[in-house]
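# Commentary on secondary and tertiary structure
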Amino acid sequence: PQRTYIFTFLLSSRVFIHPHELLAKVGQICIKQKQQLETGTEAEKAKLKSFAAKIIQLLKEWTETFPYDFQDEKSMKELKEIAHRITQCDEENGTVKKIISQMTQNLLMALSARSQYQEIREKFRQPVTDKGTILKTKPQSTQKDILSVCCDPLILAQQLTYIELERVSNIYPEDLMQIVSHMDSLDNHKCRGDVTKTYNLEAYDNWFNCLSMLVATEICRIVKKKQRTRMVEFFIDVARECFNIGNFNSMMAIISGMNLSPVARLKKTWSKVKTAKFDVLEHHMDPSSNFCNYRTALQGAAQRSQTANSNREKIVIPVFNLFVKDIYFLHKIHTNRLPNGQINFKKFWEISRQIHDFLTWKQVECPFEKDKKIQSYLLTAPIYSEEALFIASFESEGPENHMEKDSWKTLR
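Sequence order as written defines residue numbering, which begins from 1 separately in each chain. Side-chain atom pairs in this predicted model are given and counted only at pLDDT of 80 or more, local residue features only at pLDDT of at least 70, and totals for whole chains, interfaces and linings cover all residues. For side-chain calculations, the full set of non-hydrogen atoms in the structure is used, while hydrogens and water are omitted.

Taking an unreviewed UniProt entry as the reference, the protein chain is identified by name as Ras-GEF domain-containing family member 1A belonging to Apaloderma vittatum.

### A look at the environment of Glu397
In DSSP terms, a helix is any run of H or I states spanning at least four residues, a strand is any run of E spanning at least two, and both are numbered starting from the N terminus. Counting through the fold element by element, Glu397 comes out in the loop between α21 (386-396) and α22 (402-411). Spatially, the C-alpha atoms of Glu397 and Thr269 are 8.7 Å apart, while their sequence positions differ by 128 residues. Only heavy atoms matter for contacts: two residues are in contact if any of them lie within 4.5 Å across the pair. Residue contacts for Glu397: discarding those within four places in its chain leaves Arg228, Arg265, Leu266, Lys267, Lys268 and Thr269. Within the structure, Glu397 has its side chain in polar contact with the side chain of Thr269 (distance 2.6 Å). A 3.5 Å cut-off defines polar contacts: any pair of N or O atoms within that distance qualifies, except that in protein one atom must be a possible hydrogen donor and the other a possible acceptor, and neighbouring residues in sequence count only when both atoms are side-chain atoms.

### Thoughts on a nonpolar patch on the surface
On the surface, a cluster of nonpolar side chains totalling about 280 Å² of accessible area is made up of Tyr5, Phe9 and Trp349. Within the element layout of this structure, Tyr5 appears in helix α1 (residues 3-13). Patches here are clusters of residues that have more than 30% relative accessible area and form no salt bridge, with a 9 Å joining cutoff for like charges and a 5 Å cutoff for nonpolar side chains (Val, Leu, Ile, Met, Phe, Trp, Tyr). The Shrake-Rupley method, run with a 1.4 Å probe, gives the accessible areas here. Residue values count only the displayed protein chains as cover. By convention in these notes, a salt bridge is any Lys or Arg side-chain nitrogen within 4 Å of a carboxyl oxygen on Asp or Glu.

### Quick look at the pattern of salt bridges
Enumeration over the complete set of coordinates arrives at 13 salt bridges. Residue Glu81 is joined to Lys77 by a salt bridge in which the shortest nitrogen-to-oxygen separation is 3.8 Å. Separated by four residues within a single helix, Glu81 and Lys77 lie in helix α4 (residues 73-88), roughly one turn from each other. The class of Glu81 is partly exposed, set by a relative accessible area of 31%. Shared partners join several salt bridges into a network, and the residues in it are Lys77, Glu81 and Arg85. Accessibility here uses a 1.4 Å probe with only protein chains present; expressed as a share of the type maximum, an area under 20% marks a residue as buried, one over 50% as exposed, and anything in between as partly exposed.

### Thoughts on the packing of aromatic side chains
Here the distance between the centres and the angle between the planes together describe a pair of aromatic rings. The rule is short: rings of Phe, Tyr and Trp, with Trp giving its six-membered ring, pair when the centres are within 6.5 Å, and they are stacked under 30 degrees, edge-to-face over 60, tilted in between. Taken as a whole and assessed by the stated rule, the structure comprises 17 aromatic pairs. An angle of 15° between the planes, with centres 6.3 Å apart, marks the rings of Tyr5 and Phe9 as stacked. Of the two residues, Tyr5 and Phe9 both sit in helix α1, four residues apart, roughly one turn of that helix. A residue is classified by how much of its surface remains accessible, and Tyr5, at 35% relative accessible area, is partly exposed. For Phe9, a relative accessible area of 35% puts it in the partly exposed group. Between Trp270 and Phe278 the ring centres are 5.2 Å apart and the planes differ by 45°, which places this aromatic pair in the tilted class. Put simply, the rings of Tyr5, Phe9, Phe345 and Trp349 pair up and form one aromatic cluster. Looking at Arg14, its charged tip hangs above the ring of Phe66, at a distance of 4.6 Å from the centre. Note on criteria: charge over ring means Lys NZ or Arg CZ within 6 Å of the ring centre, with the direction from the centre no more than 35 degrees off the ring normal. The ring of Tyr172 is capped by Lys362, whose NZ or CZ atom sits 4.4 Å from the centre of that ring.

And the structure:
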């Protein structure tokens, strides 16, 4: 079959059967077919080589695309047994042996790289707990902010893209398929928290939230209105550069950070901001009609990526939460089986097409050089908790109505 069919089949089969059971079935077919061909006529014996080539092709695609299916001993043992049988079909010139040994080597390297990443599990950055006191204890002049590390919006957008591509490269097709397979065993159908059971998805989701909170922290902790206005305009420019690059995830995180209540309520600051650029960004991320404007922009970036000559033009980083929701709803709307009991392959074909697009985008090599100083700030600068953000916000611009006065009283 075509590669796209094999990919769809291997990806969606795990909803119905464990990968090692599927591999065992392939092994059984191998034994049967090999016996039939060996005991048949000379013409059938000649077919052994082409049969071996097809099985190798399947195993090669399987181990390359879903290396994690082979992490347990059962699967590895089964793989070795199939490989041994296939090698016997072509013993005289040894090409099969070479291909299989190369395939096994690549598989072991992929598994080792993944387990190393799992070991380095990043420590989730915790919000600063001592609320607004940082504002009082540190003199403003010596307090470091993002502008002291990077004042060029384009460079910051490039460094954000570097971080995004690094995170995305650790998300695998089977991680995304868990959104579908976990749903069948879950009673409550919330769309995100319950679904993203794998560490890689959670880490990526966490990065989005941290970036939103960092943006809000950087804005709220500035005491002087003029500097605060400058910070808001700076982040608007960064978000715009992210949009131009095709990094929609960082762009959405920045906009989300600016729309958080502690930032949104700073009316005096916003009155000084040139908001025309921000309005354009908000238009692109307008949630109406199922984010129709964003989807059009994403489609444009995807088309640009297909015809691009440079890695710079190939970058497409979708808003991950929306991507996950799309797969989730595809799964919820369509049944796994048709009324006649057969598998609804059309549904899985569509899910796998979306996941395949994501895999194509995640393989783009980042064209920007890493700036350790900027990235270190983005990943480790202290971020305020929600309470701390409100305190900082009220200290900058006092409460305006009874509701705000009450919450300010409670916070204090």
